[in-house]
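Analysis of the macromolecular model
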Amino acid sequence: MAALTRRWNDLADGNPLVRFVDTCLRGAAQVLLQNNPLTGLLILIAVGWGAIDNGLPRAAVGAVVGLVVGTVTALALRVDPASWRQGLFGFSPLLTGIAVPTFLADRPLMWLYLVFGAAATTVVTLALNAVLTRWGLTALTFPFVLTTWALLLAAYQFDRFVVTTRLPPRLPGGQAAAGGTFDWDLVPTFLRGVSQVFLIDSWISGLLIVVALLVNSWWSALFAVVGSVGATLLALWFGADGASLDKGLFGFNAVLTAVAVGVVLHRPGVLVTAYTLFGIAFTLVVQMAMATFLGPLGIPVLTGPFNVATWLLLLPGLRFAATSSPERVE
Amino acid sequence: MAALTRRWNDLADGNPLVRFVDTCLRGAAQVLLQNNPLTGLLILIAVGWGAIDNGLPRAAVGAVVGLVVGTVTALALRVDPASWRQGLFGFSPLLTGIAVPTFLADRPLMWLYLVFGAAATTVVTLALNAVLTRWGLTALTFPFVLTTWALLLAAYQFDRFVVTTRLPPRLPGGQAAAGGTFDWDLVPTFLRGVSQVFLIDSWISGLLIVVALLVNSWWSALFAVVGSVGATLLALWFGADGASLDKGLFGFNAVLTAVAVGVVLHRPGVLVTAYTLFGIAFTLVVQMAMATFLGPLGIPVLTGPFNVATWLLLLPGLRFAATSSPERVE
Amino acid sequence: MAALTRRWNDLADGNPLVRFVDTCLRGAAQVLLQNNPLTGLLILIAVGWGAIDNGLPRAAVGAVVGLVVGTVTALALRVDPASWRQGLFGFSPLLTGIAVPTFLADRPLMWLYLVFGAAATTVVTLALNAVLTRWGLTALTFPFVLTTWALLLAAYQFDRFVVTTRLPPRLPGGQAAAGGTFDWDLVPTFLRGVSQVFLIDSWISGLLIVVALLVNSWWSALFAVVGSVGATLLALWFGADGASLDKGLFGFNAVLTAVAVGVVLHRPGVLVTAYTLFGIAFTLVVQMAMATFLGPLGIPVLTGPFNVATWLLLLPGLRFAATSSPERVE
């Protein structure tokens, strides 16, 4: 394994095309804050499988198009080469590339919109990083969230696009937001909570993503699973919508928060574990609040709750057991 | 009086439990930007009286629980001891502790939600202070506002919670937002404007709070009353909803703005007085705008308008007659 | 011409009243980021003509009142004299002064509201500049946008005001947002896209404004026209509402973005042109998204999309062909 890794790295150093592929693969891994091309490859396979399984193969095509367009745009804008090389300009456009074909009807113009959106995601990444660096934070996946929200909200105003979020705009309270029945298939639900990071509803994809994490970091895999389990059980206890619960929709933001907070405060201990568990509950509340806030607009929360919750959890700069500074989030 | 104060302070220095009680009392006073345990005690009495009078005694219990949980959470997170000692980590959780039982139906799970919310308020306080310190500002009561908004919006999505804000979600314009009749009992209305800082609808509580301010700072008491009178009269002139007017709901944000701007720009003069009066009108407009903005979501503005208006009023760093820097707001 | 300019400048240096008039005229020009009293004079004439042509002469009166009140307020608040002299405290209040009589029914109290709003716009300008200076940005016209949004949203809550935005509050998706027919009078539409910067629907005013730009900067005039043409054609292609298209409502934000990005990245080249064209599309998407977001509230986007898009485009601090720093935006 180590020998194979070394050979690949040598190849990437020597050949610009391999280097570009390696950078894109790292970009796929960076969605979950990992810097490893093999993790990225496994994630792309998980996304491909899940997209086909969900009857939405164009989401997998969108992922690759978004990843490549975002990475190339960053190159054209002459960003910091070291950050670029770690895939830090690939992961948000990849997600934009999945979201656009998932939430807009399939038409030729949708693909142009996707390419534009992926390039815009890279510009927004640069902009938000410039803002957040003042507090030692990075933009995480918020450029994807902000850009996709804008693309979907704008699509309502254009005849040529059809929004297919299956979230009819409505005011809160009237009908029961909660409801639907949960069939208590807990383990697949936890794994779907992991796959929903990539807008995929498939426990097999979720399992593959956990494996992808294991390849690079045991701790990340563990935190990811704990995040999904914790948030899902809490949502179940509080009586959240059963159908969404079943799809893993209450797990994915907490998965990301758990990994992010775990990566930053990474010398495990009692206090860090307690703070991460608190962070998982915190992320769920932010997610549910954001869902109500966006309800009248008929657009999904995406990974917005993860970003907001993680920034709020990292900003205090708590010192317990932290060995790295917040700058190392990604 | 001075001798009693000295004895209490000696006691607080010597005994950790008394010190904790003293810190909590200062926390209650800090809602109105005062650092005085006696002021805090009188405020807690005012809240207790008002909660019982309003038929909502659990709001007073919530206040104490929030205050204690928030203060203890700050201790566990090892915050700056000097700030902690002044009660700066008690006042926002105290308000969260009043708001949760006021706006959610009384169930056992609601109390767990309250404890979680109070702890979250302390984390958010640390986060927002870290952001705002770059401009010499502090978070004021915004951590309470943000956390409570999130808790209420999230509660809509959970079967186990019932939102009781009495603000049915609706779009603006359709029905008359204004309406209801005002019965011209001006002085009690002004005092209710003061008590509403703590979500209490009681002129006796308002009077007690004015006395609590007088104990510590004549200027603060004067500015508080001017804030309530000014904003209420302006709302009356512009034709705001009579029923809300009667409850003092158009006064409380201006009370806080007047005290905050008065404390910072504290060498009184013609220009400072003019700016504070302008600030009162400004706060009312921000409050009404925020009420319309939140209307479709069915949640109250809380003290959000005070925070936004005060930040905007302090950011210019105007030099007229200021003897202290904005850092001393709290 | 040069001799006339010199004489006017000498007059302004010597006579305080002429200096004040000159400052106000520069304020009118600064809406389009120009620092030239003649440009400002032509713009005021364009606004006057358009207001009368639109059957809304009070909008032109409001423009002058807002401009003067905002400029005088800045003087009273003792702002930086050099910035004041360039008209940097006049342009946002001028726009507030147009917007208030355009979107609220004509009553005596509306004029008081306008004066208050113009003064508030200056305070908000100082506040936002203090925030944004950390990233080398300025507030652009966002103080106008923020203040006007607040004034309109608040007006819903007051019996004494009537909101006349002709945008009935509604949720997205239900009815077709797009629709209406466009009559393909392209050139007048492009010019109306320019006049809408000042909320005016008149191709003659648009033409006058282009001339006003030409007087000071050929590049600004060119970028303004390119912005209007580009955004309008794109909106047409994507199938935006024909009636709004016809009024130039999809052009004005892109006009401002094109001038702002063009002024900052002002050594023209292939990459800069490409980035500006991208910025025009980006601004249109932000505008449409903001329109959907504000739909439930029944208020217009104003120049909010220009501000948000331009900040996001400038924040990356891209180096291609830039000869000046972002600080020089205005």
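The name given to chain A in an unreviewed UniProt entry is Urea transporter, with the source organism recorded as Micromonospora echinofusca. If you open the UniProt record of chain A and go to Sequence similarities (unreviewed entry), you find "Belongs to the urea transporter family." Per UniProt, the comment on chain A under Subcellular location (unreviewed entry) is "Cell membrane".

Each helix and strand counted, chain A has 15 helices and 0 strands in total. In terms of C-alpha radius of gyration, chain A reaches 19 Å, essentially the compact-globule figure of 20 Å for 330 residues. Expressed along its principal axes, the backbone C-alpha trace of chain A runs to roughly 60 × 55 × 40 Å. Here chain A holds 330 residues, and the buried ones make up 63% of them. Taking contacts inside chain A between residues at least 6 apart in sequence as the whole, the part at least 24 apart equals 73%. Looking at chain A as shown, the accessible area adds up to about 12000 Å², and 67% of this sits on carbon and sulfur atoms. Averaging the locations of the 17 positively and 14 negatively charged side chains of chain A gives two centres separated by 7 Å.

This next bit is on the interface of chain A and chain C. Size of an interface, as often reported, equals the accessible area lost when the parts are brought together. Each side of the interface is counted separately: chain A has 32 residues, and chain C has 32 residues. Summed over both partners, the interface of chain A with chain C buries about 2900 Å², with 79% contributed by carbon and sulfur atoms. Summed over the three residues of chain A that lose the most area to chain C, namely Phe116, Gln157 and Phe158 of chain A, the buried surface amounts to 21% of that side. Viewed at the interface, chain C and chain A are joined by 0 salt bridges.

Attention now goes to the side chain of Thr148 of chain C. Along the chain, Thr148 of chain C falls in helix H8 (residues 142-155). In this structure, Thr148 of chain C is in contact with Thr96, Ala99 and Leu302 of chain C, ignoring residues within four places of it in sequence.

Before going further, it helps to examine the interface of chain C and chain B. Facing 32 residues of chain C, the contacting portion of chain B comprises 32 residues. Between chain C and chain B, a total of about 2900 Å² is buried, with carbon and sulfur atoms accounting for 78% of that surface. Where chain C meets chain B, there are 0 salt bridges. Sorting the residues of the side of chain C that touches chain B by element identifies helix H7 (108-132) and H8 of chain C as the ones contributing at least two each. Partitioned by chemical class, the residues of the side of chain C that touches chain B number 26 nonpolar, 1 polar and 5 charged.

Rotating chain C by 120° and translating it 0.0 Å along the rotation axis places it on chain B, where the RMSD comes to 0.0 Å. As the rotation angle and translation indicate, the two copies are arranged about a three-fold axis. Minimal C-alpha separation from the rotation axis in chain C is found for Pro296 of chain C, amounting to 4.5 Å.

Looking now at the pattern of salt bridges. Inspection of every chain in the model, using the stated rule, returns 15 salt bridges over all chains. Here Asp185 of chain B ties to Arg192 of chain B by a salt bridge, and the two come within 2.8 Å at their closest N and O atoms. Classification of Asp185 of chain B as partly exposed rests on a relative accessible area of 23%. Residue classification places Arg192 of chain B among the buried positions, given a relative accessible area of 10%. Residue Asp246 of chain C is joined to Arg192 of chain C by a salt bridge in which the shortest nitrogen-to-oxygen separation is 3.8 Å.

Turning our eyes to something else, we now look at empty space enclosed by the protein. For the coordinates displayed, the defined rule picks out 2 cavities of 30 Å³ or more. Estimates place the volume of the second largest cavity at around 130 Å³. Together, Phe293, Pro296 and Leu297 of chain A, Phe293, Pro296 and Leu297 of chain B together with Phe293, Pro296 and Leu297 of chain C line the second largest cavity. Grouping the constituent residues of the lining of the second largest cavity by class yields 9 nonpolar, no polar and no charged.

With that settled, the discussion passes to the packing of helix H11 (residues 218-238) of chain A against helix H14 (residues 270-294) of chain A. Relative orientation and spacing of two packed helices are given, respectively, by the angle between their axes and the distance between those axes. Residues and elements named next belong to chain A. Orientation of H11 relative to H14, taken along the N-to-C sense of each, is 50°, at an axis distance of 9 Å. One element, H11, and the other, H14, form an angle in the oblique class. Considering the relative orientation of H11 and H14, their crossing is right-handed. Contacts between H11 and H14 involve Phe223, Val226, Gly227, Gly230, Ala231, Leu234 and Ala235 from the first element and Thr276, Leu277, Ile280, Ala281 and Leu284 from the second. Among the residues making up the contact of H11 with H14, the classes are represented as 9 nonpolar, 3 polar and no charged.

Basis of the calculations
Residues numbered from 1 in each chain as written. Chains lettered and ligands numbered in written order. Predicted model: local features only at pLDDT ≥ 70, side-chain atom pairs only at ≥ 80, totals over all residues. Heavy atoms only, no water. UniProt positions renumbered as here; feature names shortened; annotations may be inferred. Helix = DSSP H or I, 4+ residues; strand = E, 2+ residues; numbered from the N terminus. Rg over C-alpha atoms; globule rule 2.2 N^0.38 Å. Buried < 20%, exposed > 50% of the residue type's maximum accessible area, 1.4 Å probe, protein only. Contact = heavy atoms within 4.5 Å. Areas by Shrake-Rupley, 256 points an atom, 1.4 Å probe, with all protein chains shown as cover. Lys, Arg positive; Asp, Glu negative; His and termini not counted. Charge placed at Lys NZ, Arg CZ, Asp CG, Glu CD. Buried area = accessible area lost by both parts, 1.4 Å probe. Salt bridge = Lys/Arg side-chain N within 4 Å of Asp/Glu carboxyl O. Nonpolar A, V, L, I, M, F, W, Y, C, P; charged D, E, K, R; others polar. Least-squares fit on C-alpha atoms with pLDDT ≥ 70 in both. 1 Å grid on protein atoms, 1.4 Å probe; cavity = no way out; pocket = protein on both sides within 12 Å on 5 of 7 lines; lining within 4 Å. Points joined across faces, edges and corners; volume = space filled by probe spheres on them. Axes fitted to C-alpha atoms, helices over the stretch in contact; angles between N-to-C directions. Parallel < 35°, antiparallel > 145°, perpendicular 65-115°, else oblique. Left-handed = near helix turned anticlockwise from the far one by under 90°.

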